[in-house]
Amino acid sequence: MPTNQECPESSARRHNPERRPILFFTSSDYGQANVILAVCYELLQRQYEVHIVSFAPLKNRVLELNQMTTKGQAVFHTVPGLTSMEALALNKEFVGPFPPGVQGALRTYEITLPAMATIWTESEYMIAYESCLDILKSVDPGVIVIDPLMSQALDACITLSRKYIVLSPNTFQDILRKQQPFFSQLARYPAISSGFRYPVPWLMVWANIYLKIRLIIVLLTSRKIKSIRSWRQSHNLTPLPQVFDIWQNENHYLVPATTATDFPCRQASNVTGCGPILLPVPLLSDVDPSLLVWLQRGPTVLINLGSHIRMDATVILEFSLALKALFAIRPDIQILWKLKRSGGIALQEESLTESQILSRSEVNSMTQKENSNDPLFPIEAEISADKVRVLEWISVSPLSILNTGNIVCSVHHGGSNSFHEAVSVGVPQIVLPCWLDTFEFANRVEYLGIGLHGSRTSAPLVEAKELSSALLLVLGDNNKATAMKLKAKELSEISGRVGGRVKACEKIIEILGSS
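Just so it is clear, the model here is predicted, and its values are computed rather than measured.

Chemist: I'd like a rundown of the sheet that holds strand β10 (residues 334–338), residues and numbers included.
Modeler: Overall, parallel pairing links the 6 strands, which are arranged β12-β10-β8-β13-β14-β15 in an open sheet. Here the strands that pair on one side only, and so sit at the sheet edges, are β12 (388–391) and β15 (451–453). Here the strands of the sheet are splayed against their neighbours by 10 degrees on average, with no regard to which way each runs. Bridge analysis of strand β14 (residues 429–431) against β15 gives 3 bridges, and the strand direction is parallel. Bridge pairing in β15 links V431 to H453.

Written as structure tokens, this is what we have:
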């Protein structure tokens, strides 16, 4: 695969405006890059010239993409430096997550958001920014498509006065938040990290307004924010990275949401809701037939809590106790559990409330009484009987597993990709959020009637009784469970009428043709 060089057909295609290169900038984060790679696949299959710009870890995924396509190869350009997660790990600074609610949200504003705004040092950021500038100039694309977390690329486009398309796993609400009526912004839509339901209950409206005011104050007064403002202005960049003010009237936005799968909000003509934007995945029978045979033994719950937060022994034990309670009522259920025990961000006691710390202490005492160093001990019989499979990494795409039709519930952390994958196949969801927009996805599944918030009283942790109650309700023989299944299937049909990656691809081609 060509790397950091021009595709051989580039010069010829530039004589045809509709065939000028399409340049994608994306962070290498798995969740952010998924929608970018999905649309790149569709464009390559239509023989468009595609360039993908990111940090080094994405290179292998682009290689995999090129192996999937039959009619074209993407050109990968490496941005030098650390990814955001690598830089965050090197900083060794605690950035959360914090519980929802007023106090937790305030700590998110004061600690998490300033830390995320200053992940890179000035020199690290500027090296990546200069690289994005050079690539933009050398490729001279007809259309630029950007992941909104790739701040260096957004700054490069602004410097060169280039319009761009934002392609994001975000929802309408994330993009159009500031375009809503002022009262709705303050009183209907939950403040970030608050965990408040939509619409905000009347008793919480003043707390919601207070949090939104405090967020503005933090952005104006934080020492870290002041520092980044200073050096950015010295380089003639906007005072804050564009992710803090992503909306620009002259640009276009593509999101995997539809009006049927999001909170109600005022729409804009330059925002296109595409439906789930997903990479094509192989049939499970082709890539892991033995796993398919196992799934076909009975209804299965898929637990996949993402790649950022790792579980410690206490959380694992709470999960195990919840599953044990589930098996007592539903012994026919199987569990496929992707369990991250290393890497990522760990929960720390300084992020928790006093009651959560006490609860952890009680659970740890239980482990000691059982004389077990393995927090999975409550379900060791089910693991031995192969009713529960616990894996550090699942070798196939979760979507391949969901597509089998054997998954009866998807338990996830509230990531956009996990939400939209479950929506695409019509599977009820239980969301266990830990920070930022994951709280909104937990509330979204309840608002839409397709699942439950499984840790409303315990987030960012999990509490066994609360989780087992959610599992038993979603998997039960009751009217609410039936309604969730029917609604999930209905939204699957609505959102899947036009494939999300096809719709996003065609919008990009339309904009390319008019550029």
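The rest of the description comes next.
Chemist: Break down the packing of helix α18 (residues 416–425) against helix α21 (residues 479–495) for me, citing the residues and quoting the values.
Modeler: Working note: a packed helix pair is described by the angle between its axes plus the distance between those axes. Between α18 and α21, the shortest axis-to-axis distance is 6 Å and the interhelical angle comes to 95 degrees. One way to sum up the angle between α18 and α21 is to call them roughly perpendicular. Counting all contacts with α18, which are made through V423, S424 and V425, the residues of α21 involved are A488, K489, L491, S492 and S495. Partitioning the contact of α18 with α21 into residue classes produces 4 nonpolar, 3 polar and 1 charged.

Chemist: How would you explain the state of the cysteines if you had to name every residue and give the values?
Modeler: All chains considered together, the criterion is met by 0 disulfides. In this model C157 remains outside any disulfide bridge; the closest cysteine sulfur is found in C132, 8.4 Å from its own. Judged by its relative accessible area of 0%, C157 is buried.

Chemist: Before we move on, could you go through the sheet that holds strand β6 (residues 252–255) and cite the residues and values that matter?
Modeler: Strand order in the open sheet formed by 7 strands is β3-β2-β1-β4-β5-β6-β7, with parallel pairing between adjacent strands. At either end of the open sheet lies a strand with only one pairing partner, and these are β3 (75–79) and β7 (271–273). Taking each pair of neighbouring strands and ignoring which way they run, the sheet shows an average axis angle of 20 degrees. The sheet contact formed by strand β1 (residues 22–25) and strand β4 (residues 143–146) spans 4 bridges and is parallel. Following the sheet pairing, I22 is matched in β4 by V143. Each of β1, β2 (50–55), β3 and β4 is contacted by helix α6 (residues 122–139), which is oriented at about 150 degrees to β3, the strand it contacts most.

Chemist: Now, about the packing of aromatic side chains: what can you tell me, with residues and values included?
Modeler: All told, the structure shown has 12 aromatic pairs when counted by the stated rule. Geometrically, the ring pair formed by F183 and W202 is tilted, given 6.5 Å between the ring centres and 40 degrees between the ring planes. Note that F183 is positioned in helix α9 (residues 182–187) and W202 in the loop between α9 and α10 (205–221), a separation of 19 residues in sequence. Put simply, the rings of F55, W120, Y125 and W231 touch in pairs and so form one group of aromatic residues. Note that R61 overlies the ring of Y30, its terminal NZ or CZ placed 3.9 Å from the centroid. Directly above the ring of F263 sits R444, whose terminal nitrogen or CZ lies 4.6 Å from the centroid.

Chemist: Requested: an account of empty space enclosed by the protein, with residues and values cited.
Modeler: One water molecule sets the probe size; rolling that probe over the atoms shows where empty space is left. Within this structure, the stated rule accounts for 2 cavities of 30 Å³ or more. In terms of lining residues, the largest cavity is bounded by 18 residues, among which L305, I309, M311, L432 and P460 are the most central. When contributions to the lining of the largest cavity are tallied by element, the ones reaching two or more residues are β9 (309–310) and β10. Looking at the lining of the largest cavity residue by residue, the classes come out as 13 nonpolar, 2 polar and 3 charged. The computed volume of the second largest cavity comes to approximately 40 Å³. In terms of lining, the second largest cavity is formed by L302, N304, P398, L402, S410, S418 and E421. Of all the elements in the fold, those that place two or more residues in the lining of the second largest cavity are β8 (300–304), α17 (398–402) and α18.

Chemist: Mind laying out the pattern of salt bridges, listing which residues take part and the relevant values?
Modeler: Within the structure shown, the criterion is met by 20 salt bridges. Notably, a salt bridge pairs D174 with R177, separated by 3.4 Å at the nearest N-O pair. The salt bridge partner of R197 is E446, with a shortest N-O separation of 3.0 Å. Taken together, the positions of R197 in the loop between α9 and α10 and E446 in helix α19 (residues 438–448) put the pair 249 residues apart, joining distant regions of the chain. Each of E42, R46, R501 and E506 takes part in one network of salt bridges that share partners.

Chemist: Go over the nonpolar core, please, and point to the residues and values.
Modeler: Within the largest apolar cluster, 66 residues are counted, with the highest numbers of intra-cluster contacts made by F25, Y109, I146, M150, I175 and V271. The biggest single contributor to this core is α6, with 9 residues. Among the nonpolar cores identified, the runner-up in size contains 33 residues, and C40, L43, L44 and I52 belong to it.

Chemist: Describe α18, listing the residues and the values that go with them.
Modeler: The buried fraction of α18 is high, at 9 of 10 residues. Taken together, the buried positions of α18 are occupied by S416, N417, S418, F419, H420, E421, A422, V423 and V425. Those residues of α18 that are buried lie in contact with α2 (30–45), α17, β13 (407–412), β14, α19 and α21. G426 sits one or two positions beyond α18 and adopts a positive phi of about 75 degrees.

Chemist: Residue-level account of the environment of Q242, with values.
Modeler: Position of Q242 relative to the elements: it lies in the loop between α11 (223–234) and β6. Given the relative accessible area of 6%, Q242 is considered buried. Along the primary structure Q242 and L154 are separated by 88 residues, whereas in three dimensions their C-alpha atoms are 6.7 Å apart. If near-sequence neighbours (up to four positions away) are discounted, Q242 is found in contact with L154, I158, Y164 and Q248.

So, how was this worked out
What you see as residue numbers is a count from 1 along each chain, following the sequence as written. With pLDDT at 70 or above as the cut-off, local features in this predicted model cover only qualifying residues; side-chain atom pairs require 80 or more to be listed or tallied, and sums for whole chains, interfaces and linings still use all residues. Calculation of side-chain values draws on the structure's entire complement of heavy atoms; hydrogens and water are dropped beforehand. At least two bridges found by DSSP between two strands are what make those strands a pair. Secondary structure elements are defined from DSSP: runs of H or I of at least 4 residues count as helices, runs of E of at least 2 residues count as strands, and each element is numbered from the N terminus. Every axis corresponds to a line fitted to the C-alpha atoms, with the helix fit spanning only the stretch in contact, and the corresponding angles, defined between N-to-C directions, vary from 0 to 180 degrees. Angle categories are assigned with fixed cut-offs, so that under 35 degrees is roughly parallel, over 145 is roughly antiparallel, 65 to 115 is roughly perpendicular, and the rest are oblique. The contact criterion used is simple: two residues touch if any of their non-hydrogen atoms lie within 4.5 Å. Asp, Glu, Lys and Arg are counted as charged, while Ala, Val, Leu, Ile, Met, Phe, Trp, Tyr, Cys and Pro are counted as nonpolar; the rest, among them Gly, fall into the polar class. Only a pair of cysteine sulfur atoms within 2.5 Å qualifies as a disulfide here. Only protein chains enter the accessibility calculation, which uses a 1.4 Å probe; a residue whose area is less than 20% of its type maximum is buried, one above 50% is exposed, and one in between is partly exposed. Between 30 and 60 degrees the pair is tilted, below 30 it is stacked and above 60 it is edge-to-face, where a pair is any two Phe, Tyr or Trp rings, Trp via its six-membered ring, whose centres lie within 6.5 Å. Ring-over charges, as used throughout, are those where CZ of Arg or NZ of Lys falls within 6 Å of the ring centre and within 35 degrees of the ring normal. Residues are said to line a cavity or pocket when one of their atoms sits within 4 Å of a point; the points come from a 1 Å grid over protein atoms alone, cavities being sets where a 1.4 Å probe fits but cannot get out and pockets being open sets with protein on both sides within 12 Å along at least five of seven lines. Grid points are joined across faces, edges and corners, and a volume is the space filled by probe spheres set on the points. Every case where a carboxyl oxygen of Asp or Glu lies within 4 Å of a side-chain nitrogen of Lys or Arg is listed as a salt bridge. Side-chain atoms within 4.5 Å are what join buried Ala, Val, Leu, Ile, Met, Phe, Trp, Tyr and Cys residues into a set we call a nonpolar core.

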